[in-house]
Amino acid sequence: MSTPGPRSLAEALRLRDDASLSELLRARPDLITPVPTDLTQLATRAGTRASVVRALERLDRFAQQTAQALAVAGDPASYGELLGLMTGDRGDPAVAAALPRALGTLRAQALVWGDDERLRLVRTARELLAPSAQHPSPTGLGPTVQEATAGMSPGRVQEIVAKAGLASTHDSVSAVAALTGLFSDRARMAALLAEAPAESREVLDRLVWGPPYGQVTADPAPRLRWLLDRGLLLPTAPGTVVLPREVALHLRAGRAHRATEPMPPALEATATHRPQVVDATAAGQAYTALATVEELLKDWDEGGPAVLRAGGLSVRDLKRTAVALDVAEPVAAFWVELAYAAGLLASDGEADERFAATPAHDEWLQQPAELRWTRLAEAWLTATRTAGLVGGRDAKDRTLSALGPNLDRSAAPEVRHRVLTLLAGLPEGTAPSTESVLARLAWERPQRREDDLRARLARWTLSEAELLGITGRGALSAHGRALLGAPAPTARAAESSGPGDKLPVHHTPVVVEPLSPAEQAVASAAAARLLAPLLPDPLDHVLLQADLTAVAPGPLQRPLAAMLGVLADVESKGGATVYRFTPGSVRRALDAGQTAADLHAFLTAHSRTPVPQPLAYLIDDVARKHGHLRVGAASAYVRCDDDALLNEIMADKRAAALRLRRLAPTVLATQADPSALLEGLRAMGFAPAAESAEGDVLITRADAHRTPPRTPPEPVPDGPPAPDATLLAAAIRAIRAGDLAATTPRKPTAAPLAGGDLPRTSSAETLATMQAAVLTGEALWIGYVNAEGSASQRVIAPIRVEGGFVTAYDHTADEVRTYPLHRVTGVAELADEA
């Protein structure tokens, strides 16, 4: 005699070992928040609608198709019935081979329970997936004959039975059963359909793969009347008919789905490159990424754009940033968001709030290039803020701005990690097509919504990984692979093929789990070691030209680049940067405290070509005029030993806006502040210098504006975090202990307890039972109410009773504890067979 299977999901969970329970809680972490008190509560929580929806959405396409087939099968269904729905009458070896894995996934996640003879889909999942007029099934099937005839009159049912060639019955139940038997019998059903007119068969062919509903008039056409009379179409509402599920399955040759997808689609290779080329390309782009972020923060060094009242960067400021970086606006939004995610910029929090670099930016600049890159790459991998959304609209039809709210998408880190993992599974140097990557992701996590956010996230991931230098020419680089913690590839691409080649890439899938912070630190260090030799060494020289320009043939050392950025203006960027010297740029260097001699010495030391005479004359000419005029605070004043120069200023019509007046032959005063006066005189072509109250020249260095210390934005979690091994072990121990307390047999009491009630005994009886258990060593079942008022059941083995407390080994908590006797509601002895 066979052993009966579990009668409920809770019983099925009790038959699992700890490894199986760990797998369930790891796949569905919402079940462990908070930790259930016992397995019955775990089963109840696993059947709640929110948890089941989340679990179904995380299944791959074939596992979802298996669950959908179980939803239209009998309850319970046998494995043979499920296999028939998945493979059809003709069979499908690929589906038959993959079905045990899909069913195992459903069982592991507690969506299906029972043995192979009595498979049961969790009730909530069946309600979500079963066909209905309001929520059509993905299978395209309609209701069963029994469901469709539920409201039909007995006389009408008997008419259908008679027209179908069946014997009349005495009741509707047996008539519906006979009709169901007919439609489920392949031979008899084939004979019935052989009599159908061709027009009627065309109607069935249009409905067979769904949707199964159609409209009819009050006086149906003959082709419809023939089907209605024999129950091949059944009315569900006035003017609406449906194709019964049994009829559709016969027409489909038993298949629940038009096309089953037991295997994920293969990735298509658009090109293969030598790994060295991929790594070099990615390293070059990584250096460009560092230079771009540095340039962005340098541009905002003295205080960046203002923060919008609703938060974020205005459209105008984003355009200005894009022009300054010489990139498109979406790319500028990506760099801005990346710097924000890495904690390098934030809002300063002042009354006139502006974006600015953070103190962490200065520390970041002092690090080696490879470490600066890993910080950016780590921030990108884990960030939930999504730059690709910038410029779109939110739910309230408001424009989404860079650095603004509502840019978090909790699925972004998981999609980025999965896309890069797919690339890591390809042979080294292989670049897959975007469409094949999207098709693979759609199989692994089918989306029910038309707006497929995951597809957009995947497209952005591929382009952003290329911008950041994680990939090169579409293939994952060696340092990108190390950053993921992926194993080394097993094959290398030897030759490069044409960009038009699109061949399926068959490979063993690489499984790379998200890394813990400690593991990520090790992976980042490995990535930095691989990247460091590929980055170009910064240069210590430039090439001065006779046309007042300097050419930097590559990246410059930081002190040289900083000084040259003050002394000259950047004219063009690219493989070589061109700087142009102007009177304004030279004056800027003099304002920063440099002398003409310092500038001559600097250019001589760092130029591989002689300093051109025009440049030397320009420096000397600007330096000769620099500081001849002095501006101070009166509100502001101008003083000069040359009264003729002051006369020239007073006579200039452009000075009218400054409202200057002469205080002395060598002094002019104005109500404007010193900075406005400086700018006004410089606009008129003069070269004034600011001075202090003591009359000393003020050195006006570029005043770096920094925010207070800021932490990077926290990623928005996509549901509860995955539990680690320690938490899983503790949770399973607590669940099993609580289940032991809830299910341990007890001796019958005078007043039987209702399910879940705590035992109730008098104080004297509780004390006497406890003392007796200390002598006999027996375990007891107690009810206990803690200081917060929470009631629980526990199985304890009393050790001693004294001072109003009982010290006992608590089987529920798996440790020795002490309980106040006044909080014990009652006690009961365990049954002898417990």
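The rules behind each value
- Residues numbered from 1 in each chain as written.
- Predicted model: local features only at pLDDT ≥ 70, side-chain atom pairs only at ≥ 80, totals over all residues.
- Heavy atoms only, no water.
- Helix = DSSP H or I, 4+ residues; strand = E, 2+ residues; numbered from the N terminus.
- Rg over C-alpha atoms; globule rule 2.2 N^0.38 Å.
- Buried < 20%, exposed > 50% of the residue type's maximum accessible area, 1.4 Å probe, protein only.
- Contact = heavy atoms within 4.5 Å.
- Areas by Shrake-Rupley, 256 points an atom, 1.4 Å probe, with all protein chains shown as cover.
- Lys, Arg positive; Asp, Glu negative; His and termini not counted.
- Charge placed at Lys NZ, Arg CZ, Asp CG, Glu CD.
- Pairing = 2+ DSSP bridges.
- Salt bridge = Lys/Arg side-chain N within 4 Å of Asp/Glu carboxyl O.
- Core = buried A, V, L, I, M, F, W, Y, C linked by side-chain atoms within 4.5 Å.
- Phe/Tyr/Trp six-rings, centres within 6.5 Å; stacked < 30°, edge-to-face > 60°.
- Lys NZ or Arg CZ within 6 Å of the ring centre and 35° of its normal.
- Axes fitted to C-alpha atoms, helices over the stretch in contact; angles between N-to-C directions.
- 1 Å grid on protein atoms, 1.4 Å probe; cavity = no way out; pocket = protein on both sides within 12 Å on 5 of 7 lines; lining within 4 Å.
- Points joined across faces, edges and corners; volume = space filled by probe spheres on them.

(A) Inspection of the overall build of the protein chain at higher detail. Helix and strand content of the protein chain: 33 helices and 26 strands. Taking 28 Å as the expected radius of gyration for a compact globule of 834 residues, we find that the protein chain reaches 39 Å, considerably beyond that expectation. Each of the three principal axes of the protein chain carries a C-alpha extent, and together these read 125 × 90 × 60 Å. Taking all 834 residues of the protein chain together, 47% fall into the buried category. Pairs at least 24 residues apart make up 67% of the contacts formed inside the protein chain by residues separated by at least 6 positions. Carbon and sulfur atoms form 54% of the exposed surface of the protein chain, whose accessible area is close to 40,500 Å². Side-chain charges in the protein chain split into 86 positive and 98 negative, and the spacing between the mean points of these groups amounts to 4 Å.

(B) Spotlight on the pairing of strand β22 (residues 780-785). Most of β22 sits inside the fold, with five of its six residues counted as buried. Note that β22 and strand β23 (residues 791-802) share six bridges and pair antiparallel. By the bridge assignment for β23, V785 is matched with A791. In this structure, β22 lies alongside strand β26 (residues 824-829), joined through five bridges in antiparallel fashion. Paired with Y784 across the strands is V824, a residue of β26.

(C) Expanded view of helix α2 (residues 18-27). Every buried residue of α2 is accounted for by S20, L21, S22, L24 and L25. At its buried positions, α2 is contacted by α1 (9-14), α3 (39-46), α7 (93-108) and α32 (725-743).

(D) Region of interest: the sheet that holds strand β13 (residues 543-544). Overall, antiparallel pairing links the four strands, which are arranged β13-β14-β16-β15 in an open sheet. Of all strands in the sheet, those with a lone pairing partner are β13 and β15 (569-572), marking the two edges. Relative to strand β16 (residues 577-580), strand β14 (residues 549-552) is paired through four bridges, and the arrangement is antiparallel. Bridge assignment links A552 to a residue of β16, and that residue is T577.

(E) Examining the side chain of R587 more closely. Secondary-structure assignment places R587 in helix α27 (residues 583-591). Despite being buried, R587 has no salt bridge partner; D591 is the closest side chain of opposite charge, sitting 4.5 Å away. Here R587 is in contact with V622, H626, R682, F686 and A687, once residues within four sequence places are set aside.

(F) Layout of the pattern of salt bridges. For the structure shown, the criterion picks out 33 salt bridges. Here D229 makes a salt bridge to R225, at a shortest N to O gap of 3.6 Å. In this pair, D229 and R225 both sit in helix α14 (residues 222-229), four residues apart, roughly one turn of the helix. In this structure D229 comes out as buried when scored by relative accessible area, which is 13%. Residue R225 is classed as partly exposed on the basis of its relative accessible area, which comes to 34%. D362 serves as the salt-bridge partner of R706, at 2.9 Å between the closest nitrogen and oxygen. Taken together, the positions of R706 in the loop between β21 (689-690) and α32 and D362 in helix α19 (residues 359-365) put the pair 344 residues apart, joining distant regions of the chain. Classification of D362 by relative accessible area gives partly exposed; the value is 30%. What you see here is one network of salt bridges that share partners, running through D75, R120 and R126.

(G) Fine view of the nonpolar core. Counting residues in hydrophobic clusters, the biggest one holds 85 residues, and the most contacted among them are L70, F183, L232 and L233. Per-element accounting of this core gives the leading share, seven residues, to helix α5 (residues 61-72). Setting aside anything within four residues of it in sequence, one finds L232 in contact with F183, M189, L192, L193, L204, W226, L227, V242, L243, P244 and V247. Counting 72 residues, the second largest nonpolar core, distinct from the first, contains W335, A341, W364 and W460.

(H) Focus on the packing of aromatic side chains. Per the counting criterion, the structure on display carries three aromatic pairs. Geometrically, the ring pair formed by W300 and F355 is stacked, given 6.4 Å between the ring centres and 25 degrees between the ring planes. A residue pair is termed long-range when its members are at least 10 positions apart, and W300 in the loop between α16 (275-299) and α17 (315-325) and F355 in strand β8 (residues 355-357) qualify at 55 residues. The buried category is assigned to F355, whose relative accessible area is 5%. Lying across the ring of W364, R372 places its NZ or CZ 5.4 Å from the centre.

(I) Structural context of the sheet that holds strand β4 (residues 234-237). Taken in spatial order, the three strands of this open sheet run β3-β5-β4, and their pairing is antiparallel. The sheet is open, and its two borders are formed by β3 (213-215) and β4, each paired with just one other strand. Geometrically, the sheet is characterised by an average inter-axis angle of 40 degrees between neighbouring strands, direction not taken into account. Two strands pair when backbone bridges link them, and β3 and strand β5 (residues 240-242) are joined in this way by three bridges, in the antiparallel orientation. By the bridge assignment, Q215 is partnered in β5 with T240.

(J) Looking closely at empty space enclosed by the protein. On inspection of all chains with the given rule, the structure shows three cavities of 30 Å³ or more. Approximately 90 Å³ is the volume attributed to the largest cavity. If you go around the largest cavity, the residues you meet are F334, E337, L338, A341, A379, W380, A383, R385, T386, A387, R416 and E464. At the level of secondary structure, the elements contributing two or more residues to the lining of the largest cavity comprise α18 (329-341) and α20 (369-382).

(K) Molecular detail of the environment of T769. Looking at the secondary structure, you find T769 in helix α33 (residues 763-776). Judged by its relative accessible area of 17%, T769 falls in the buried class. For the pair T769 and L780, spaced 11 residues apart in sequence, the C-alpha to C-alpha distance is 8.7 Å. In contact with T769, not counting residues within four places along its chain, are L780, V827 and E829.

Any functional reading would require information that these geometric values do not contain.
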